[in-house]
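# Tertiary structure, described
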Amino acid sequence: PAARRSGSSRARAAPAPRRRHSRRKSFPAKQLCRAADSPKPAADASGESFNIMGKTVLVVEDNELNLRLFCDLLNAHGYSAHPVRDGRDALAKAREIAPDLIIMDIQLPHVSGLELIGQMKADLTLRAVPIMAVTAYAGKGDEEQIRAAGAEAYVSKPISVIKFIESVGAFA
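Below you will find a few notes about this structure. Because the structure is predicted, anything quoted here is derived from the model rather than measured.

Criteria and cut-off values
Residues numbered from 1 in each chain as written. Predicted model: local features only at pLDDT ≥ 70, side-chain atom pairs only at ≥ 80, totals over all residues. Heavy atoms only, no water. Phe/Tyr/Trp six-rings, centres within 6.5 Å; stacked < 30°, edge-to-face > 60°. Helix = DSSP H or I, 4+ residues; strand = E, 2+ residues; numbered from the N terminus. Pairing = 2+ DSSP bridges. Axes fitted to C-alpha atoms, helices over the stretch in contact; angles between N-to-C directions. Contact = heavy atoms within 4.5 Å. Salt bridge = Lys/Arg side-chain N within 4 Å of Asp/Glu carboxyl O. Buried < 20%, exposed > 50% of the residue type's maximum accessible area, 1.4 Å probe, protein only. Core = buried A, V, L, I, M, F, W, Y, C linked by side-chain atoms within 4.5 Å. Polar contact = N/O pair within 3.5 Å; in protein donor to acceptor, adjacent residues only side chain to side chain.

### Description of the packing of aromatic side chains
The final tally for this structure, using the stated rule, is one aromatic pair. Each ring, one from Phe 70 and one from Phe 164, has its centre 5.0 Å from the other, and the planes form 15 degrees; the classification is stacked. Here Phe 70 is found in helix α3 (residues 64–76), whereas its partner Phe 164 is found in helix α7 (residues 161–171), with 94 residues between them in sequence.

Structure, rendered in structure tokens:
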């Protein structure tokens, strides 16, 4: 009708509304770190198993995007990354996989990363495993507090990819 009033003989279709993709896609932990889903460690002629992916890294991070980034970086550099979204599962997973390095977010929803670091350093089987804290905390004294809890390394968010990989390489 409006098109006819303007003298046009054809009706014009209204442009389709643009859709915004505001929903974040949720990735199951198994999809985030594909190396964790790789076949079991290979065995040599003596039957001893060994990890063909390189050193094992446990990643404790509740943010899906950060978890995916860390795992992708680690996998791309030859590490076997194992994700843990919920800090309450971190101790059991660490005991299960015996990682060469633990990357720990400090600000987790159910348990503090500082508390987890303390628990891991008190555990006889995990005490020697280096822990790299990756956190948005960047205030004065935060690094000292994190190191006092037992973390051997500290990387602040947003991360520098080069610094992240260099820090991982220094401990794993």
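### Looking at the sheet that holds strand β5 (residues 101–105)
If you trace the five strands from one edge of the open sheet to the other, you get β4-β3-β5-β6-β7, paired in parallel fashion. Unpaired on one side and paired on the other, β4 (80–84) and β7 (153–156) mark the two borders of the sheet. Across the sheet, the mean angle separating the axes of adjacent strands is 20 degrees when strand polarity is ignored. Here helix α6 (residues 142–149) sits on the sheet in contact with β6 (131–135) and β7, set at roughly 145 degrees to β7.

### Re the pattern of salt bridges
For the structure on display, the rule yields eight salt bridges. Asp 72 serves as the salt-bridge partner of Arg 68, at 3.8 Å between the closest nitrogen and oxygen. Taken as a pair, Arg 68 and Asp 72 lie in helix α3 at a separation of four residues, close to a single helical turn. A relative accessible area of 38% means that Asp 72 is categorised as partly exposed. Taking the shortest distance from any N to any O, the salt bridge between Glu 143 and Arg 147 comes out at 3.0 Å.

### Here's the deal with the nonpolar core
Counting residues in each nonpolar core, the largest one holds 23 residues, and the members touching the most others are Leu 58, Val 60, Ile 102, Met 104, Met 120, Ile 131 and Ile 146. Secondary-structure elements contributing two or more residues to this core are β3 (56–60), α4 (90–97), β5, α5 (113–122) and β6. Counting residues in each nonpolar core, the second largest holds 20 residues, with Leu 67, Cys 71, Ile 103 and Ala 172 among its members.

### Some thoughts on the side chain of His 82
One can find His 82 in strand β4. The exposure class of His 82 is buried, given its relative accessible area of 12%. For His 82, the side chain forms a polar contact with the side chain of Ser 80, separated by 3.3 Å.

Scope: geometric values only; no functional claims are made or implied.
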